Amino acid sequence: MSLNDYNQLAEKYRESDVKPDKRFSILPTVLKAVGSLRGKTVLDLGCGSGFFSRAFIEQGAKFVTGIDNSEVQIEEARKFAGAHEEYRLADAFIDSLPNADVIHAPFLINYLAKNEEIVNFLKNVRGSLNEGGVAVFVIDLPTALDLKKYGATKRVDGNMKDGAPMTITLYNGDGAVICDLHAFYISSETFGSCLREAGFSSVSIIEPVVSEKGEHLFGKDYWKEYLKDTQLGYYLCS
């Protein structure tokens, strides 16, 4: 199941690692959500070339397994893999998942158009958590705000209803287009309902943050508009 051919997009998509929002807010917020990783195993779904996976290792994770359905991106991730990283070619939506203490699934939910598909995926993730483990999901929640200077714009085709096609345009730090990605809109209310149906009993919404480095490079005023509405939802679930 793939709306976007990341084998074709891989080289361009790696440029997204320099986006201001990804480097200085999305990554720090994910790290805030997962908490201490000392001695923990992490499963990074849709790992791409390993942007988040490497950060988890740097934060002290015992072992990180990255899964992606793009051969090109997995091969790229393997080039820089250390002794405590493994990257597997697989489809997180249909293949069985290894168990882990922490499961990270950024933006994958928006690749599913139907609630039933979302719930089935969430059940698979929940069933792969070790006892006491947590899952972190990041979903796109587009609004009318233009966040191009931070790294992305999001456009929903037609009415904002669950399953509506959505186009996400990524921009580098200079405002040039990196690529367009295709996804589906899902409301925060619907996603919360899907989480409950999948059996997650504890759901916390994590407020986005900006790293000290991001504030230093751009200034606090630069981030004020972004933090008012990042158009992203961060969910910590168990």
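Please refer to the structure placed before this passage.
Cut-off values and rules
Residues numbered from 1 in each chain as written. Predicted model: local features only at pLDDT ≥ 70, side-chain atom pairs only at ≥ 80, totals over all residues. Heavy atoms only, no water. Helix = DSSP H or I, 4+ residues; strand = E, 2+ residues; numbered from the N terminus. Rg over C-alpha atoms; globule rule 2.2 N^0.38 Å. Buried < 20%, exposed > 50% of the residue type's maximum accessible area, 1.4 Å probe, protein only. Expected span 1.5 Å × (residues − 1). Arc of directions from axis to C-beta. Contact = heavy atoms within 4.5 Å. Pairing = 2+ DSSP bridges. Axes fitted to C-alpha atoms, helices over the stretch in contact; angles between N-to-C directions. Salt bridge = Lys/Arg side-chain N within 4 Å of Asp/Glu carboxyl O.

Chemist: Where do I start with the overall build of the chain in this structure?
Modeler: A count of helical and extended segments in the chain gives 8 helices and 10 strands. The C-alpha radius of gyration of the chain comes to 17 Å, within 12% of the 18 Å expected for a compact globule of 238 residues. Judged by the C-alpha coordinates and their principal axes, the chain covers about 40 × 40 × 35 Å. A burial count over the chain gives 54% of its 238 residues as buried.

Chemist: Explain helix H5 (residues 115–127) here, please?
Modeler: Helical geometry: 3.6 residues make up each α-helical turn, so side chains three or four residues apart lie on a common side. Compared with the 18 Å implied by 1.5 Å per residue over 13 residues, the 18 Å span of H5 between its first and last C-alpha is a close match. For H5, every residue scored as buried is listed here: Ile118, Val119, Phe121, Leu122 and Val125. With its buried residues spanning 165° around the axis, H5 presents them on a single face. Opposite the buried face of H5, at more than 90 degrees from it, the exposed residues are Glu116 and Gly127. The secondary structure elements touched by the buried residues of H5 are strand S1 (41–45), strand S4 (100–106), strand S5 (129–140) and helix H6 (188–197).

Chemist: Would you mind going over the sheet that holds S5 with me for this structure?
Modeler: Within the open sheet, the 7 strands sit side by side as S3-S2-S1-S4-S5-S10-S9. Their pairing is mixed. Of all strands in the sheet, those bounded by a partner on one side alone are strand S3 (85–89) and strand S9 (203–205). Taken pair by pair, the neighbouring strands of this sheet meet at an average axis angle of 20°, ignoring direction. Across the face of the sheet, H6 comes into contact with S5, S9 and strand S10 (232–237) while running at roughly 15° to S10.

Chemist: Sorry, what's going on with the pattern of salt bridges here?
Modeler: One side chain can pair with another of opposite charge once the charged atoms of both are near each other. Counted by the stated rule, this structure contains 10 salt bridges. Between Asp17 and Lys22 there is a salt bridge, with its nearest N and O atoms 2.9 Å apart. Here Glu86 makes a salt bridge to Arg88, at a shortest N to O gap of 3.3 Å. For Glu86, a relative accessible area of 31% translates into the label partly exposed. A network of salt bridges, in which partner residues are shared, links Arg14, Glu76 and Lys79.

Chemist: What should I look at first to understand the environment of Val209 in this one?
Modeler: Its place among the elements puts Val209 in the loop between S9 and helix H7 (212–218). Of the residues examined, Val209 reaches a relative accessible area of 25% and is grouped as partly exposed. On a C-alpha basis, the gap between Val209 and Leu27 in space is 9.2 Å, while along the polypeptide they are 182 residues apart. If we skip the residues at most four places from it in the chain, Val209 touches Phe24, Ser25, Pro28, Thr29, Lys32 and Leu227.

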